[in-house]
Amino acid sequence: MRKFLLFFWFGFWISACSTQPSLPTSIPTPDELTFMAGYKPQANLPFVGVYVAQEKGFFAAENLEVDIQHSPGRGEHLQLVTSGEVHITTQDAAVLLQRRADPGLPLVSIALIGQRGQQAFAALAESGLKTPLDWTGHVVGYKGTPPPDLFAILAAVQANPEQVQLVNVGFDPRVLTTGQVDVYPVYKSNEPYLLQSWGYEVILWEAADYGVPALGLTYVTSEDTLQNQPQLLARFLRAALKGIDYAREHPDEAVEAVMKYTGPETDPEHMRFMLLAELEDAASPVTAANGIGWQTLEQWQSLATMLETYDAMPVNDPSQAFSNEILELAREGEN
Amino acid sequence: MQKTRLESLPVSRVRDTSEVIAGRPGAPSGLVVALGLVLAVFLVWELLTRLLAVPVYILPAPSRILQTLAQNGQVYLEASLLTLGEAALGLVLGATAGTGIALLLGLWPRLEQGVMTLAILIKSTPLVAVAPLLTIWLGFGVLPKIIITGLLTFFPVLVNMLSGLNTADPARLDTLRSWHASRWELLRFVRLPESLPYFFAALKVSGPLALIGAVVAEWTGASGGLGRLMWLAYTNLNLPYLFSAVFILSTAGILIYSGIQWVERKLVFWEG
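Residues numbered from 1 in each chain as written. Chains lettered and ligands numbered in written order. Predicted model: local features only at pLDDT ≥ 70, side-chain atom pairs only at ≥ 80, totals over all residues.

Trainee: Any chance you could explain the overall build of chain A here in plain terms?
Mentor: Each helix and strand counted, chain A has 15 helices and ten strands in total. Buried residues in chain A amount to 48% of all 335 residues. Pairs at least 24 apart in sequence give 81% of the contacts found in chain A among residues at least 6 apart. (Helix = DSSP H or I, 4+ residues; strand = E, 2+ residues; numbered from the N terminus. Buried ≥ 20, exposed ≤ 12 C-beta atoms within 10 Å, placed from the backbone. Contact = placed C-beta atoms within 7 Å.)

So, in structure tokens, the structure goes:
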């Protein structure tokens, strides 16, 4: 009897396995793609485009299965893109040029989302500082290494950088409120919100206001991926840009999408502030003429010249650092 | 039968002061004293933050931290389970590797200089430098975190175990040698049992270290865990969330240490 039951069960199992309905052949297996945001989950516009595309099914509509990862922000994401582990990441345009020049990472921007620089310099309104000329004799903070736009701003107002005391402060806007520095470098869409939420009025100086060319975040891939998988990149970019468009129309839903990737420690209002600020910076005469994400040699050349002028990188050909090819492919697919 | 009073025992037979305190009639136990001290520190902290009106983004009061913990219990539970799991597996990996290598060196001492040089090389390498490589080779899951934790915890075990194996009682070793005991028998019957206290001493260092290892590994890129939560909280300067994770890690560290101590008392009963 036991043998019969065993035989019966085995037969049932075999038949169950063999009679499983096969998947319709008309649905192709989704292509897998790994996106790594260049920093923690937050409402940076290129991140938001991806979060929204994931949540709203824009990637699925492109038959893409996107694995969304986040970099701790120390450059690992660039290493992983170069190694092929990650297909697409995000990176500030200036840092992209610098990493291409040294150590020569084969990275290419496929869309310039931030048409203005991300950074600015902040002081408390009560400090009495009015222009960068007033920084003379004061303590100015920087993150990591003094940014070239700091020297460019000082040069634009004809201030002597020798008379400004520079200190490395890292990420901690509390050094401004506690008076350890007089001027603190901020990401325009980030720390000003925190400082204001703590009850401080701040004054901001942005490089672009002094005629200093600066660009923001880009979607970045490797030269290898660009050459070998252009259609995959185009499908990703089409969905992500659709995500950005959706976020512009529905900021509340976009913030909800962001909050799914952060945690309860993140203030949704902070994310909303960041999103709106970056949406504003994503528009420029270039995008008005060519659409979001477009990039020109003139933009990259100006940035490269500024970086070379302030010794931030050796002379390098910026025309190799970006390509509109994927953006054009993505738009072709829309029609 | 004559009873021996605890106070009359020689100092060497008294394990620690908590036993003396516990032994006095009416005296509070070690646990009560410890809890009292922690409560006193929290009380002073709470009072100072309130009296000095310290902003929450500089230093949150303990009450605010506990409130954050209570309001986000599920989030912290899930993050803790992940981090503690990584820490536990990393500790097992590190302790196994450390013990295994120490045993090999106990059997073949000629390998010691070469292997220890390599071990020191690994120990001296900043883990944040190798973390991206582990991600490239092993992906984005928990495996790189476990390996980083293992790398951080194996060295104390290796060094302590090696010391334990090398300081075995020469008289006992000579006795066994006179009976033509093999290297394996010397290891099994003398060196290994005598190195057990050293092993547990190493575990008491490596246990809490495993938590730090898991958290640091999560800082190098993770989709969950207390380390990620702390990183996000810090980059948002949300200090109540940051300190909530610190509270959990501190408590876990104490529990791990106490757990290892308890197991040690059971297994190494001839000591102390």
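The discussion continues.
Trainee: Explanation requested: the confidence of the model for chain A in the structure shown.
Mentor: The predicted model of chain A has a mean per-residue pLDDT of 90, with 91% of residues at 70 or higher. Across residues 4–24 of chain A, where pLDDT falls below 50, the model places zero contacts with residues more than four positions away in sequence or in other chains. (pLDDT = per-residue confidence, 0-100.)

Trainee: Please clarify how the packing of helix H2 (residues 45–55) of chain A against helix H11 (residues 251–261) of chain A should be interpreted in this entry.
Mentor: When two helices pack together, their arrangement is given by the angle between their axes and by how far apart the axes lie. Residue and element names in this part refer to chain A. Closest axis-to-axis distance for the H2/H11 pair is 9 Å, and the angle between their directions is 95 degrees. On the basis of their axis angle, the class for H2 and H11 is roughly perpendicular. Here H2 contributes Val 48, Tyr 51, Val 52 and Glu 55 to the contact with H11, which in turn contributes Ala 254, Ala 257, Val 258, Lys 260 and Tyr 261. Of the residues that constitute the contact of H2 with H11, the class distribution is seven nonpolar, no polar and two charged. (Axes fitted to C-alpha atoms, helices over the stretch in contact; angles between N-to-C directions. Parallel < 35°, antiparallel > 145°, perpendicular 65-115°, else oblique. Nonpolar A, V, L, I, M, F, W, Y, C, P; charged D, E, K, R; others polar.)

Trainee: Before we go on, may I ask you to explain helix H6 (residues 127–138) of chain B in this structure?
Mentor: Helical geometry: 3.6 residues make up each α-helical turn, so side chains three or four residues apart lie on a common side. With twelve residues, H6 of chain B should cover 16 Å at 1.5 Å per step; its first-to-last C-alpha distance of 15 Å lies within 8% of that length. Taken together, the buried positions of H6 of chain B are Ala 131, Pro 132, Leu 134 and Thr 135 of chain B. Looking straight down H6 of chain B, one finds its buried side chains confined to an arc of 160 degrees; they lie on one side. Opposite the packed face of H6 of chain B, turned more than 90 degrees from it, sit the exposed residues Ala 129 and Trp 137 of chain B. On the buried face of H6 of chain B, the contacting elements are helix H4 (76–83) of chain A together with helix H7 (143–166) and helix H9 (183–219) of chain B. (Expected span 1.5 Å × (residues − 1). Arc of directions from axis to C-beta.)

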